[in-house]
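Residues per chain, in single letters:
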Amino acid sequence: MFLGLDLGTSGLKAVLIDDAQNVVGEAHAPLTVQRPHPGWSEQSPADWLSATEAALDALAARHPLARVQGIGLSGQMHGAVCVDAADEVLRPAILWNDTRSAEEAASLDADASFRAISGNIVFPGFTAPKIHWMAANEPALRARIARVFLPKDYLRYWLTGEAVSEMSDASGTSWLDTGARDWSDTLLAASGLTREQMPRLVEGSEASGKLRPELASRWGMGPNVVVAGGGGDNACSAVGVGVVGKGQAFVSLGTSGVLLAATEAYAPAPETSVHTFCHSLPGIWHQMGVILAATDALEWYARLTGSPAAQLTSELGPLKAPGRAMFLPYLGGERTPHNDAAIRGSLTGIEHVTDLDAGTRAVLEGVTHAIRDCHDALAATGTTYDSILAVGGGSRSDYWLSAIATSLNVPVEIPVAGDFGGAYGAARLALMAATGAGPEVAKRPAIARVIEPQAALTDAFAQAHARYQATYKALKGLS
C-alpha cells in the first residue's frame, strides 16, 4: 500500500491506495486560517503536525497500515516556514494567499535576474518577498532564520528528520533556476540567503528519506517506509489525473482556481503572468494560470445570502447567456493575468430583477471569465489542448463546467467518481519512489461524461468576457 498526504489550506487529507492504485481508505483533519490584518493569511505549523497525527490516527484505526511501503507529500505552495538554529519555528507561516509583501515582490521583480532565472514574475504570494517583508518589519526574527521550509517540507522534516524539497514546490519560491532544476545562488543571494539555508532538492518521484521509527511504530508501519519527494498541490493533482504529457490539461475549481497544462520543454513567459514550474516528475514542466478565488468566491456569496453553495448551484437549471450583473472574483487580489495584489472584488450591474439565482450565475460567470483570462494567457505562450479535465469541489456543478466549456470553447471532461486530487497524486509518487516505477503509473482516469461547449452561447460569453475585462480596468483605481 501507499499513502498520500495533502496539506491544504483548509485541512490535511490522507489517502491510502493499494498496488493497483485503488483507494482503500482516507481521512481528513480540518485546519483554520488566521487573518490578523487585512491581506494577511497565516497558519501555525504546529497545527499541521497535529492535523497529520489526527488523520493518520483515524486512518490507522480503520485500516491496518503494516503494508505501507511509501508516503508521498502534496501541499499548499509558497508558504514561508522560518526556523532558527534550534529548529524552533520563528513565527506563524505566511501563506500563499497572503498579500502583505506586494511592495517587496514588486521590488524583487524589478530585478531582471528574477524573471530571467526563475522564469516567473515575483508574485506577492511567492516565498522570497515574504522574507524581505520580515527584514523590513520583523528584523530581529529575520536575523535568526537558519532555514526556510515550504509547508509540506516542514511536515516532511517532522516525518523524516530530513530537510528536503522538490522541484515543483521550489519553483514557486522565486529562488529556483527552473530550467536547470536547481537552487539559484544568484537569487538566494539577492534575498540574503545561501544554499545551506535551503532544503536539498529531489525529484517528486524520488525518495527523500524514511519515516522516523517512532512514527512508523505509532501507526503500525514497517521500519523502511520511504517518503517520496512529492509535489506542490497542483503538480500532484496533475499526477493524480494523469496530466503529465504535452497537450494534456486540467481545470481545478478549489479554493483557488487553476488551469494547468503539462509541457515537455521549459518555455517561460513571465510577461503573461503564467506560472512556469517544474512538474513533480523529472524532465517535465507545466504552465498554469492561477486565480486566487474560485469556490472561495462561491462560498463568500453563500455566506452573504445564507444559502448553502451546493443549493445555490443546483437550482440554476440549463446554462443561460450571461446577464447584466457582473462579478469580479478578486476578493484578495489576483494573479493571472493581472498580478494585482491591490484589486478587490465587485458586483456591478445590479438591477431590480437581480434575484438570488442571477447573483449566483454572476459569481460563477465571474470565475469563468477569470479562467478564460488564464486560457488566453496560456494560448499566448503557444500552449494548446483539445480538452480539459475538471477536478475540485466546484466541478460538481454542471452549470459551472458548462459555462467554462462554452467560454473557452473547449470540451470539459468529468472523470468517473473518485478522488484524483493532490493526495491521490502524492500516493502515486510514493508508489514510484518505493518501487522504482515511472510516469506510466500516472494514467488518466476513465471519463464519465464530457460537457461540450454550447455553440449558441459562445458569442454571448465572449461579449461578457470583454465587458468583464473592461470592468476590471474601470475599477482598478477605485477598489
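Refer to the structure printed above.
This report concerns the structure included in the present document. These numbers were taken from a predicted model, which means no experiment stands behind them. (Residues numbered from 1 in each chain as written. Predicted model: local features only at pLDDT ≥ 70, side-chain atom pairs only at ≥ 80, totals over all residues. Heavy atoms only, no water.)

## Observations concerning the sheet that holds strand S24 (residues 447-451)
For step 1, the next point in the chain: Strand order in the open sheet formed by 7 strands is S18-S19-S17-S16-S22-S23-S24, with mixed pairing between adjacent strands. Edge strands, defined here as strands with exactly one partner in the open sheet, are strand S18 (275-278) and S24. Averaged over neighbouring strand pairs, the angle between their axes works out to 30° when direction is ignored.
For step 2, the next point in the chain: Where strand S23 (residues 412-415) meets S24, 4 bridges bridge the pair, whose relative direction is antiparallel. Bridged to Pro415 within S24 is Ile447.
For step 3, the next point in the chain: Sheet strands in contact with helix H13 (residues 356-380) are strand S16 (249-253), strand S17 (257-263) and strand S19 (285-291), and its direction is about 150° off that of S19. (Pairing = 2+ DSSP bridges. Helix = DSSP H or I, 4+ residues; strand = E, 2+ residues; numbered from the N terminus. Axes fitted to C-alpha atoms, helices over the stretch in contact; angles between N-to-C directions. Contact = heavy atoms within 4.5 Å.)

## Considering the packing of aromatic side chains
For step 1, the next point in the chain: Evaluation of the coordinates by the stated rule reveals 11 aromatic pairs.
For step 2, the next point in the chain: With a centroid separation of 6.1 Å and an interplanar angle of 50°, the aromatic rings of Phe126 and Phe277 are classed as tilted. Taken together, the positions of Phe126 in the loop between helix H3 (112-118) and helix H4 (127-137) and Phe277 in strand S18 put the pair 151 residues apart, joining distant regions of the chain. Each member of the pair, Phe126 as well as Phe277, is classed as buried.
For step 3, the next point in the chain: Ring centres of Trp300 and Tyr301 lie 6.4 Å apart, and the angle between their planes is 45°; this geometry places the pair in the tilted category.
For step 4, the next point in the chain: Taken together, the ring pairs connect Phe123, Phe126 and Phe277 into an aromatic cluster.
For step 5, the next point in the chain: It is Arg100 that lies over the ring of Trp40; its NZ or CZ is 3.5 Å from the centre. (Phe/Tyr/Trp six-rings, centres within 6.5 Å; stacked < 30°, edge-to-face > 60°. Buried < 20%, exposed > 50% of the residue type's maximum accessible area, 1.4 Å probe, protein only. Lys NZ or Arg CZ within 6 Å of the ring centre and 35° of its normal.)

## Overview of the pattern of salt bridges
For step 1, the next point in the chain: Inspection of every chain in the model, using the stated rule, returns 22 salt bridges.
For step 2, the next point in the chain: Of the charged contacts in the structure, one is a salt bridge between Lys13 and Glu26, with a shortest N-O distance of 3.9 Å. Here Lys13 is found in strand S2 (residues 11-17), whereas its partner Glu26 is found in strand S3 (residues 23-30), with 13 residues between them in sequence.
For step 3, the next point in the chain: The exposure class assigned to Glu26 is partly exposed, which follows from its relative accessible area of 39%.
For step 4, the next point in the chain: In this structure, Lys476 and Asp340 form a salt bridge, with 2.8 Å as the shortest nitrogen-oxygen distance. (Salt bridge = Lys/Arg side-chain N within 4 Å of Asp/Glu carboxyl O.)

## What to know about the environment of Gln21
For step 1, the next point in the chain: Along the polypeptide, Gln21 turns up in the loop between S2 and S3.
For step 2, the next point in the chain: Aside from chain neighbours lying at most four places away, what touches Gln21 is Tyr424, Arg428, Leu431 and Val441.
For step 3, the next point in the chain: A distance of 2.6 Å separates a polar atom in the side chain of Gln21 from a polar atom in the side chain of Arg428. (Polar contact = N/O pair within 3.5 Å; in protein donor to acceptor, adjacent residues only side chain to side chain.)

## Comments concerning the pairing of S3
For step 1, the next point in the chain: In the sheet, S2 pairs with S3 via 7 bridges, with the strands oriented antiparallel. Of the residues in S3, the one forming a bridge with Gly11 is Pro30.
For step 2, the next point in the chain: The hairpin turn running from S2 into S3, its antiparallel successor, is 5 residues long, and Gln21 in that turn takes a positive phi close to 70°.

## Brief notes about H13
For step 1, the next point in the chain: The end-to-end C-alpha distance of H13, which contains 25 residues, comes to 36 Å, matching closely the 36 Å that a straight helix rising 1.5 Å per residue would cover.
For step 2, the next point in the chain: Across the 25 residues of H13, 20 count as buried, placing the element largely inside the fold.
For step 3, the next point in the chain: The backbone nitrogen of Asp357 lies 3.3 Å from a side-chain oxygen of the residue at the head of H13, namely Asp355.
For step 4, the next point in the chain: Gly382 sits one or two residues past H13 and shows a positive phi near 95°. (Expected span 1.5 Å × (residues − 1).)

## A word on the nonpolar core
For step 1, the next point in the chain: One finds Leu253, Leu259, Val367, Tyr385, Ile388 and Ile404 to be the most contacted residues of the largest nonpolar core, which totals 50 residues.
For step 2, the next point in the chain: Per-element tally for this core: the top contributor is H13, with 9 residues.
For step 3, the next point in the chain: Grouped together as the second largest cluster of nonpolar side chains are 39 residues, Leu65, Leu155, Trp158 and Trp219 included. (Core = buried A, V, L, I, M, F, W, Y, C linked by side-chain atoms within 4.5 Å.)

## Side note on the pairing of strand S22 (residues 388-391)
For step 1, the next point in the chain: On S22, burial covers both faces: Ile388 and Ala390 on one face and Leu389 and Val391 on the other are all buried.
For step 2, the next point in the chain: Pairing of S22 with S23 involves 2 bridges; the strand directions are parallel. Considered in S23, the bridge of Leu389 is made with Glu413.
For step 3, the next point in the chain: Between the parallel elements S22 and S23, the chain passes through helix H14 (residues 398-408) in a crossover that is right-handed. (Right-handed = clockwise from strand over helix to strand, strands pointing away.)

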